[in-house]
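Topology and contacts: notes
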Amino acid sequence: MRLEPVAAPGLARTLGLPALAIAATVVVASALAMLAGANPFATLGLIVKGAAGSKFAALETLNRATPLIFTGLAVAVAFRAKLWNIGAEAQLYAGALMTVLIGTQMGLPGPVAIPAMAIAAVLAGALVLLGPVLLKVRLGVDEVVTTLLFNFIMLLFISMLLEGPLKDPMGMGWPKSEAIPRDARLPRIVDGLRLHWGFGLALISAVVVWVIQVKTTLGYEIRAVGQNPQAARFAGIPVGRVMVKTALLSGGLAALAGFSEVAGLKGNLTLDLSPGFGYTGIVVAMLALLHPLGVVVSALFVAGIFVGADSMSRAAEVPTYIADISVATALLFMVLAILLTRFRVVRG
Amino acid sequence: MEIFDILVSASFWAAVLRIASPLIFATMGELICERAGVLNLGIEGIMVFGAFAGWMAVYAGLGLWPGVLVAFASGALFGLAHATLTVPFGLSQHVVGLGVTLLATSSAYYAYRLALPEVTSPPRIEPFQPLDIPVLSDIPFLGEALFSQTALTYLAFATVLIVALVLYRTPLGLALRAAGENPSAVEAQGLSVTAIRMGAVMVGSGMMAVGGAFLTMSAFSSFFFEMVNGRGWICIALVVFGAWMPGKALLGALLFAGFDALQIRMQQTPLGADIPYQVFLMVPYVLSILALVAMSRRAEVPAALMVPYNRGER
């Protein structure tokens, strides 16, 4: 078989194929539910209900989507420049660490503490990604593996701090930090509803990233470097410097996920702060075709699957990992569907 | 002084071979994929699934060697999914690889929960037992260090030999290497780049799964979540460190396992007791990064690595 470009793909192709990818994912999820001995329609119904069936469920989905918007944006920005940042998990924890450090150690009043925590988080996340990117730009060391390995190093580092200097003396022996004071937490968007301003910050970040991409020189340079680094260099774009700027932006965005989880939701730092938000961010970004505003939509979709599956597994005997499989399947089907909107398969 | 005592103990060297074994299988698997031109980031998840599949097969009563085969087959199946998307369709090997890792990992966890819904701790299986090689295992020191391993460890070393022989001494190996260096030349010989690359990814993925199965079937005799713990990513670094050559990659795996065995033993010394254990656990990951940095200038990357091949397109 061979791939042949489709000259002018019709609407049926550009919308139908991605819809087919989602449909195929639903089929896979149904098969998984049947494997578990459950009724697939009931299972899917419970997932949808658990994700959006009530005000409580919908707010839970928005809360879960918040860190995914940040990590999704971090990945989208980096992948656009073909900078393979697989280390959003490490950058998230770096942001969470700085948030807790500033929040618990400095004794700043709330209105000062919140921006200070956010800025420190962004700087820390940017710094964590700077290492691998400098190794890539200066020495040609592949950043996929280095950023991946940094995730493990960072988690061990946090574990060390949580069992050492940062350990909460009142924590009953659990490795967790002290909580940041109430007035340094992110306020709720609407009083009485469990949705904090981290979500608002995530939406604002998505718009800012979108503006950077379409309206600024940096956005143009990032696209040029991603499409063809040789051509970009020939056109006088400082490829290395653009990579570094992209990395700072990407690492900072991922760190905001950690900031928002600590300051908006959890209050303290633990080793299970992120159940893989950094990795799921890759799926979120790819499903959004690396578009910053699309990231918001796909983060809501992915968060809905996870929240819905959590709620479903309490009612039906289907393990929650059905969500992880569905998300991975959706990713693989979707990249294939997107390819087939532009190419057709011919024999020979 | 303590380091010296550790280095002259036979049990240390036995541990080096044991720790190296899963890395050797998976590194050879990744090496085959990359020599054919495909970066396989599915490695981490495929190792998880292999660890689960082999263990589950033995738990279900299939026996140890059939368990290894089951693990290999499961890995090859994920390899087929990876190869289908990355070779004929030429999709991003980064994205597909990470997707396969997510898919394989979550599939293993899902299957685990389905198979054992009620358990709080995973059941143990009867793992591979150490196999003393006649005569050789009676040699003082060396016998205990090298020739009292499980059958899977011997198989790991045999795998390196087989991979090296096939790569450098057979027409198949030549075709595979050419597919990773100059695919149009392969096509000019009347061979199919697609078939070679897909085959390489399937066999390589099978080997990764056997590497994972070593953990459950020879090392820990049980399946735990997160037991692979980044070993797959380390193997990718080992392939680079070994400059895409089986012998050098083996050397890298042994060196790496040596440092790992050393840090485990250092933790128990008086000096080690003063240092947080997390520092020791960081050693493998830091070493992998250092290995990549050390080789960055000299590594000879297969020319067509990560370059999809679409016939009739120049």
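Residues numbered from 1 in each chain as written. Chains lettered and ligands numbered in written order. Predicted model: local features only at pLDDT ≥ 70, side-chain atom pairs only at ≥ 80, totals over all residues. Heavy atoms only, no water.

This part takes up the overall build of chain B. Counting its regular elements, chain B contains 14 helices and 2 strands. For a compact globule of 314 residues, the expected C-alpha radius of gyration is about 20 Å, and chain B comes in at 20 Å, within 12% of that figure. Summarising its shape, the C-alpha atoms of chain B cover approximately 65 × 50 × 45 Å along the three principal directions. Counting the 314 residues in chain B, one finds 56% classified as buried. Across chain B, every contact between residues at least 6 apart in sequence was considered, and the portion connecting residues at least 24 apart equals 77%. Put simply, chain B shows about 12,900 Å² of open surface, and 68% of that area lies on carbon and sulfur atoms. With 14 positive and 17 negative side-chain charges, chain B shows a spacing of 11 Å between the two charge centroids. (Helix = DSSP H or I, 4+ residues; strand = E, 2+ residues; numbered from the N terminus. Rg over C-alpha atoms; globule rule 2.2 N^0.38 Å. Buried < 20%, exposed > 50% of the residue type's maximum accessible area, 1.4 Å probe, protein only. Contact = heavy atoms within 4.5 Å. Areas by Shrake-Rupley, 256 points an atom, 1.4 Å probe, with all protein chains shown as cover. Lys, Arg positive; Asp, Glu negative; His and termini not counted. Charge placed at Lys NZ, Arg CZ, Asp CG, Glu CD.)

The next point concerns the packing of helix H12 (residues 246-266) of chain B against helix H14 (residues 277-295) of chain B. Residues and elements named next belong to chain B. Running from N to C, H12 and H14 cross one another at 160°; their axes reach a closest spacing of 9 Å. In terms of orientation, H12 and H14 fall into the roughly antiparallel class. As H12 packs across H14, the resulting crossing turns out to be right-handed. The segment H12 lies against H14, with Phe-256, Phe-259, Asp-260, Gln-263 and Met-266 engaging Phe-280, Leu-281, Val-283, Pro-284, Leu-287 and Ser-288. (Axes fitted to C-alpha atoms, helices over the stretch in contact; angles between N-to-C directions. Parallel < 35°, antiparallel > 145°, perpendicular 65-115°, else oblique. Left-handed = near helix turned anticlockwise from the far one by under 90°.)

Residue and element names in this part refer to chain B. Applying the stated criterion across every chain, the model contains 0 disulfides over all chains. Of the cysteine sulfurs around Cys-33, a residue in no disulfide, the closest is that of Cys-235, at 12 Å. Its relative accessible area of 0% is what places Cys-235 among the buried residues. (Disulfide = S-S within 2.5 Å.)

Now for the environment of B:Ile46. In this structure, B:Ile46 sits in helix H3 (residues 43-59). Once you skip the residues sitting within four places of it in the chain, B:Ile46 turns out to touch B:Asn40, B:Gly75, B:Phe78, B:Val100, B:Ala104, B:Ser205, B:Met208 and B:Ala209.

This part covers the UniProt feature "transmembrane region" (unreviewed entry) in chain B. All names here are of chain B. Mapped onto this numbering, the UniProt entry annotates "transmembrane region" (unreviewed entry) at residues 6-26, 38-58, 64-83, 95-112, 146-168, 200-225, 231-256 and 277-296. Here residues 38-58 runs as 76% helix and 0% strand, with 32 Å between its end C-alpha atoms. Summarising residues 64-83: 100% helix, 0% strand, and an end-to-end C-alpha distance of 28 Å. (UniProt positions renumbered as here; feature names shortened; annotations may be inferred.)

Turning our eyes to something else, we now look at the interface of chain A and chain B. Opposite the 45 residues of chain A that make contact, chain B presents 43 residues. For the pairing of chain A and chain B, the buried interface totals around 4,000 Å² over both sides, and the portion due to carbon and sulfur atoms is 81%. In this assembly, chain A and chain B are joined by 0 salt bridges. Between chain A and chain B we count 5 residue pairs in polar contact (both at pLDDT 80 or more) in total. Among the elements that take part in the side of chain A that touches chain B, helix H6 (residues 143-163) of chain A stands out by supplying 13 residues, more than any other. A breakdown of the residues in the side of chain A that touches chain B according to their chemical character gives 37 nonpolar, 4 polar and 4 charged. (Buried area = accessible area lost by both parts, 1.4 Å probe. Salt bridge = Lys/Arg side-chain N within 4 Å of Asp/Glu carboxyl O. Polar contact = N/O pair within 3.5 Å; in protein donor to acceptor, adjacent residues only side chain to side chain. Nonpolar A, V, L, I, M, F, W, Y, C, P; charged D, E, K, R; others polar.)

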